2 protein chains.
Amino acid sequence: MNIVQYDTPMAASDRRARHKQQVRREILVAAGELFAQEGYESVSVRRIAEKIEYSPAAIYLYFKDKADLLNQLCEDTFAQLIEHIEACTADAPDPLEGLIRGVRAYIDFGLSHPDQYIVTFVSPPQHQHGAPDIPFEGSVGQQCFRCLESAIGDCRDAGVAPGIDVKTTACTWWASIHGLTSLLIVHERFPWADRNQMIDSLMQTLVAGLLAAPRSAADGSQTVEESERQTSRG
Amino acid sequence: MNIVQYDTPMAASDRRARHKQQVRREILVAAGELFAQEGYESVSVRRIAEKIEYSPAAIYLYFKDKADLLNQLCEDTFAQLIEHIEACTADAPDPLEGLIRGVRAYIDFGLSHPDQYIVTFVSPPQHQHGAPDIPFEGSVGQQCFRCLESAIGDCRDAGVAPGIDVKTTACTWWASIHGLTSLLIVHERFPWADRNQMIDSLMQTLVAGLLAAPRSAADGSQTVEESERQTSRG
DNA sequence: TTGACTTTATGAACATCGTTCAGTACGATA
DNA sequence: TATCGTACTGAACGATGTTCATAAAGTCAA
């Protein structure tokens, strides 16, 4: 940090604001590292304070809550998520490839930011009784879901799966992807199959589902029974 | 409860053992209700004790931990789930139909026992760092997963998808199914597509994935790229 | 430089948490 | 009736998230 000896009044208050932002960032970084290493629940505010050599009470000058700390971290990392997905899908040769790359980017991101992923997607939103509704409209989550919707829409428009309902497909895709990501994080000790093989298998299944989707939009709901009849009795 | 006035010595100790089991059950029921209503983290041992009108310390005569309490509840849930699935799949005409019915039974169970489902599958297992591993081998959870594995194995053996790796497929199926179930429960306010349509869409996708699986076991990992090439450039 | 005012940081405290343990009450046995 | 073992409890411990009065430091007009 620079040592400024003679300030104009305005420069002084500027520097104070800058310093405040800096301390705030310092807290976030420390908290982020500890949460990632040992999990949100088992990291105390006192330990975060100790790491940055402040008193525990100081943290409450910068953040409302311990939860607020994590939420701010989530905002940060999910801005990164969108950035990451867009970077991975930018130069895809076609819509389906873009969709696939985006999904892989999502899974990778979740697995490398497990704590933030759990808080945003896995934990039930109601913390206490009478907790304020956190709005979905305009959230980073919505932005993220729209990313998936538009990627699937592009595939449909490109003729990959002309008959699908984009919203339904986006929901089930998200469900599958989230299912794998969250289970791998939460049930870490489960005797999973090989991780990459599972991701590949899921991607293959999702794509196969797209390609096998009904060619006309009308009769989507009967398809399972049709497939089943074809297979089991033919 | 019967009032027994004259016991033989053996009958007396029997009754005491029975009473102990009864209290144990009482604790589990109370804990289950509270966990379901307000979540594991925000229910204290003291509140559970208060509900059954015992002292907090009494609970530790029956359970090692607060976490142990949760684990016992999960065992119960698994047992119910297995029973439900087996009832639904018992008279299936063929393996694929059995698999499909089992999966639907799983989702239905989750959606109609949302709180138990969350406690068992969604909430991260409560262990500190360096806590002893709770063994998966021999647990009811393993039994449950084997149920899915064997259903998928039966499909493979029946020629539905000869080339698949059963374990990998079981894992990804569970991930997808769990993803949908848990998201529908946890993010209740999310603007989902029609619920039944989503379930149908997921089932269709999973079955399509099975049918499109590689016919030989060797080259599973390349299938996504193959499918994609076929679609986007043809 | 002084003195008033604002911002930043802290130590002590509060309520609550999971958990333990010495000690009590009580039914079963002899 | 006396003894023994089990079931149970009250009080306490250390740790948690959070608050608040207070102190220190910084800012700025005079």
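Visitor: How would you summarise the protein's contact with DNA strand C if you had to cite specific residues and measurements?
Guide: Neighbouring DNA strand C are 19 residues, the closest being S55(A), Y62(A), R15(B), R46(B) and Y60(B). Here, DNA strand C places atoms within 4 Å of the protein, and 61% of those atoms are sugar or phosphate. V43(B) is positioned such that a nitrogen or oxygen atom in its backbone is 3.4 Å from a phosphate oxygen of DNA strand C. S44(B) places a side-chain nitrogen or oxygen 3.3 Å from a phosphate oxygen of DNA strand C. For the surface near DNA strand C, the secondary structure elements donating two or more residues are α1 (9-38) and α3 (56-59) of chain A together with α1 (9-38), α2 (45-51) and α3 (56-62) of chain B.

Visitor: Talk me through the confidence of the model for chain A; I want residue IDs and the actual numbers.
Guide: Residues and elements named next belong to chain A. Per-residue pLDDT for chain A averages 84, and the proportion of residues at 70 or more is 79%. A low-confidence stretch, residues 1-9 stays under pLDDT 50, and its non-local contacts, those more than four residues away or across chains, total four contacts. Across residues 217-234, confidence stays below pLDDT 50; counting only partners more than four residues off in sequence or on other chains, it has 24 contacts.

Visitor: Break down the nonpolar core for me, with residues and values.
Guide: One finds L99(A) and L99(B) to be the most contacted residues of the largest nonpolar core, which totals 99 residues. Residues in contact with L99(A), not counting those within four places in the same chain, are L148(A), A151(A), I152(A), C155(A), W173(A) and L210(A). I27(B), A30(B), V43(B) and V45(B) belong to the second-largest nonpolar core, a separate cluster that totals 22 residues.

Visitor: Explain the pattern of salt bridges to me, using residue names and the numbers behind them.
Guide: Residues and elements named next belong to chain A. Overall, the coordinates contain 16 salt bridges over all chains when judged by the stated rule. Between D200 and R104 there is a salt bridge, with its nearest N and O atoms 2.6 Å apart. Residue D200 is found in helix α9 (residues 195-211), and its partner R104 is found in helix α5 (residues 95-112); the two are separated by 96 residues along the sequence. A network of salt bridges, in which partner residues are shared, links D91, E97 and R101.

Visitor: Describe the protein's contact with DNA strand D, and please don't skip the residues or the numbers.
Guide: The environment of DNA strand D is formed by 21 residues, the closest being R46(A), Y60(A), D65(A), S55(B) and Y62(B). Here K66(A) contributes a backbone N or O atom positioned 3.0 Å from a phosphate oxygen of DNA strand D. At a separation of 2.4 Å, a phosphate oxygen of DNA strand D approaches a polar side-chain atom of Y62(B). Grouping the amino acids of the surface near DNA strand D by side-chain chemistry returns eleven nonpolar, two polar and eight charged.

Visitor: Give me the lowdown on unusual backbone geometry, citing residues and values where you can.
Guide: All names here are of chain A. Phi angles above zero are rare outside glycine, and E53 is one such case at about 60°. Here E53 lies in the loop between α2 (45-52) and α3. The exposure class assigned to E53 is exposed, which follows from its relative accessible area of 74%.

Visitor: For empty space enclosed by the protein, give the residues involved together with the corresponding values.
Guide: Per the stated rule, a full pass over the model turns up one cavity of 30 Å³ or more. In terms of lining, the largest cavity is formed by F121(A), V122(A), H178(A), S182(A), L183(A), V186(A), F121(B), V122(B), H178(B), S182(B), L183(B) and V186(B). Put simply, the parts of the chain that give the lining of the largest cavity at least two residues each are α6 (114-122) and α8 (166-186) of chain A together with α6 (114-122) and α8 (166-186) of chain B.

Visitor: Tell me about helix α9 (residues 195-211) of chain B, and please be specific about residues and values.
Guide: Turn by turn, an α-helix covers 3.6 residues, leaving residues three or four places apart pointing in a common direction. Residues and elements named next belong to chain B. Taking 1.5 Å of rise per residue, 17 residues should cover 24 Å, and α9 covers 24 Å from first to last C-alpha, within 8% of that figure. With 13 of its 17 residues buried, α9 lies for the most part within the structure. Between the side-chain oxygen of the N-cap and the backbone nitrogen of N196 there are 3.3 Å, and the N-cap of α9 in question is D194.

Visitor: Before we move on, can you summarise the packing of aromatic side chains with the specific residues and values?
Guide: Within the structure shown, the criterion is met by 23 aromatic pairs over all chains. Each ring, one from F190(A) and one from W192(A), has its centre 4.5 Å from the other, and the planes form 50°; the classification is tilted. The same class applies to F190(A) as to W192(A), namely buried. Between Y106(B) and F121(B) the ring centres are 5.8 Å apart and the planes differ by 50°, which places this aromatic pair in the tilted class. Here the residue Y106(B) occupies a position in helix α5 (residues 95-112), and F121(B) occupies one in helix α6, the gap between them amounting to 15 residues.

Visitor: Outline the packing of helix α4 (residues 66-89) of chain A against helix α7 (residues 140-157) of chain A, supporting the account with residue identities and numerical values.
Guide: Working note: a packed helix pair is described by the angle between its axes plus the distance between those axes. All names here are of chain A. Between α4 and α7, the shortest axis-to-axis distance is 10 Å and the interhelical angle comes to 15°. By the angle between their axes, α4 is roughly parallel relative to α7. Note that α4 runs across α7; the crossing there is left-handed. Contacts between α4 and α7 involve E75, F78, A79, L81, I82 and I85 from the first element and V140, Q143, C144 and C147 from the second. Residues of the contact of α4 with α7, tallied by class, amount to eight nonpolar, one polar and one charged.

Visitor: Explain the side chain of E97(A) residue by residue, including any values.
Guide: For E97(A), the position within the fold is in helix α5. Separated by 2.5 Å, the side chains of E97(A) and R101(A) make a polar contact.

Visitor: Help me get a handle on the environment of P95(A), residues and values and all.
Guide: Residue and element names in this part refer to chain A. By the secondary structure assignment, P95 is in helix α5. Here the alpha-carbon distance between P95 and S150, two residues 55 residues apart in the chain, equals 9.8 Å. Apart from the residues lying within four places of it in its own chain, the contact partners of P95 are D154, C155 and A158.

Definitions and cut-offs
Residues numbered from 1 in each chain as written. Chains lettered and ligands numbered in written order. Predicted model: local features only at pLDDT ≥ 70, side-chain atom pairs only at ≥ 80, totals over all residues. Heavy atoms only, no water. Near = heavy atom within 4 Å. Polar contact = N/O pair within 3.5 Å; in protein donor to acceptor, adjacent residues only side chain to side chain. Helix = DSSP H or I, 4+ residues; strand = E, 2+ residues; numbered from the N terminus. pLDDT = per-residue confidence, 0-100. Contact = heavy atoms within 4.5 Å. Core = buried A, V, L, I, M, F, W, Y, C linked by side-chain atoms within 4.5 Å. Buried < 20%, exposed > 50% of the residue type's maximum accessible area, 1.4 Å probe, protein only. Salt bridge = Lys/Arg side-chain N within 4 Å of Asp/Glu carboxyl O. Nonpolar A, V, L, I, M, F, W, Y, C, P; charged D, E, K, R; others polar. 1 Å grid on protein atoms, 1.4 Å probe; cavity = no way out; pocket = protein on both sides within 12 Å on 5 of 7 lines; lining within 4 Å. Points joined across faces, edges and corners; volume = space filled by probe spheres on them. Expected span 1.5 Å × (residues − 1). Phe/Tyr/Trp six-rings, centres within 6.5 Å; stacked < 30°, edge-to-face > 60°. Axes fitted to C-alpha atoms, helices over the stretch in contact; angles between N-to-C directions. Parallel < 35°, antiparallel > 145°, perpendicular 65-115°, else oblique. Left-handed = near helix turned anticlockwise from the far one by under 90°.

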